Amino acid sequence: MPGVIDTNLFLYAANSDADEHRRARDFLARVGGSRDPWYVTDGILYEFLRVSTHPKVFPKPLTWREGIAFLQPLIDADNIHVINSGDPHWKLLSEVLAEITHPSGNLFFDVRTAVLMREHGVRRIYTTDTDFLQFSRIEVVNPLRS
């Protein structure tokens, strides 16, 4: 079932040394071959580029060209849509923040994704990041579980 694809799945698929590599690549291949609509945010795409090209974070950093080349087939797929914020975004931000116990720091990147999902009526996220379990109205699916 379609939903947002989170950064960590792209990173595992790009890192051939990761234990999760094959499962992440297989998942993305299924997404790319699907007729269902799938979603990413511009922030997720930028985060992939930030992490995958960072020599202190990514085991074998990509060049920016390699990062773009990795993402390009998914960006070009007719069934994958990049969602961005619109007029209701800041009102929805306040709603989402009111539902979390202590929003701060790095969680705000996930908050942005959760707000964009609510704004665009997307209720499911595919991720290995358990921080998303804090958000109401979001179904968190880890597609890499055996």
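Residues numbered from 1 in each chain as written. Predicted model: local features only at pLDDT ≥ 70, side-chain atom pairs only at ≥ 80, totals over all residues. Heavy atoms only, no water.

Kindly report on the nonpolar core, identifying the contributing residues and their values.
Ranked by size, the top nonpolar core spans 43 residues in total, and within it Ile5, Phe10, Phe48 and Phe135 carry the most contacts. For this core, the leading source of residues is helix α6 (residues 107–120), giving 6 residues. (Core = buried A, V, L, I, M, F, W, Y, C linked by side-chain atoms within 4.5 Å. Buried < 20%, exposed > 50% of the residue type's maximum accessible area, 1.4 Å probe, protein only. Helix = DSSP H or I, 4+ residues; strand = E, 2+ residues; numbered from the N terminus.)

Please give an account of the pattern of salt bridges that cites residues and values.
For the coordinates displayed, the defined rule picks out 9 salt bridges. Salt-bridge contacts for Arg118 lead to Glu95; the nearest nitrogen and oxygen are separated by 3.7 Å. Linking Arg118 in helix α6 with Glu95 in helix α5 (residues 89–98), this pair joins segments that are 23 residues apart in sequence. Residue Arg118 is classed as buried on the basis of its relative accessible area, which comes to 18%. Through salt bridges with shared partners, a single ionic network connects Lys91, Glu95, Glu99, Arg118 and Arg137. (Salt bridge = Lys/Arg side-chain N within 4 Å of Asp/Glu carboxyl O.)

Which residues make up helix α2 (residues 21–33), and what are the values?
Along its 13 residues, α2 runs 18 Å from first to last C-alpha, staying within 8% of the 18 Å computed at 1.5 Å per residue. Among the residues of α2, those classed as buried are His21, Ala24, Phe27, Leu28 and Val31. Along the axis of α2, the buried residues cluster in a sector spanning 135 degrees; they form a single face. Set apart from the buried face of α2 by more than 90 degrees, the exposed residues are Arg22, Ala29, Arg30 and Gly33. Taken together, the buried residues of α2 touch β1 (4–5), α1 (7–14), β2 (38–41), α4 (64–76), β3 (80–83) and β4 (124–126). (Expected span 1.5 Å × (residues − 1). Arc of directions from axis to C-beta. Contact = heavy atoms within 4.5 Å.)

Give a detailed account of the packing of helix α3 (residues 42–52) against α4, specifying residues and quantitative values.
Running from amino to carboxyl end, α3 crosses α4 at an angle of 155 degrees, the nearest separation of the two axes being 10 Å. In terms of orientation, α3 and α4 fall into the roughly antiparallel class. For the pair α3 and α4, the sense of crossing is right-handed. The segment α3 lies against α4, with Leu45, Phe48 and Leu49 engaging Gly67, Ile68, Phe70, Leu71 and Ile75. Here the residues of the contact of α3 with α4 sort into 7 nonpolar, 1 polar and no charged. (Axes fitted to C-alpha atoms, helices over the stretch in contact; angles between N-to-C directions. Parallel < 35°, antiparallel > 145°, perpendicular 65-115°, else oblique. Left-handed = near helix turned anticlockwise from the far one by under 90°. Nonpolar A, V, L, I, M, F, W, Y, C, P; charged D, E, K, R; others polar.)

So what's going on with the environment of Leu49? Which residues, and what values?
The topology assignment puts Leu49 in helix α3. Separated by 22 residues in the primary sequence, Leu49 and Leu71 have C-alpha atoms spaced 9.1 Å apart. Setting aside anything within four residues of it in sequence, one finds Leu49 in contact with Gly67, Ile68 and Leu71.

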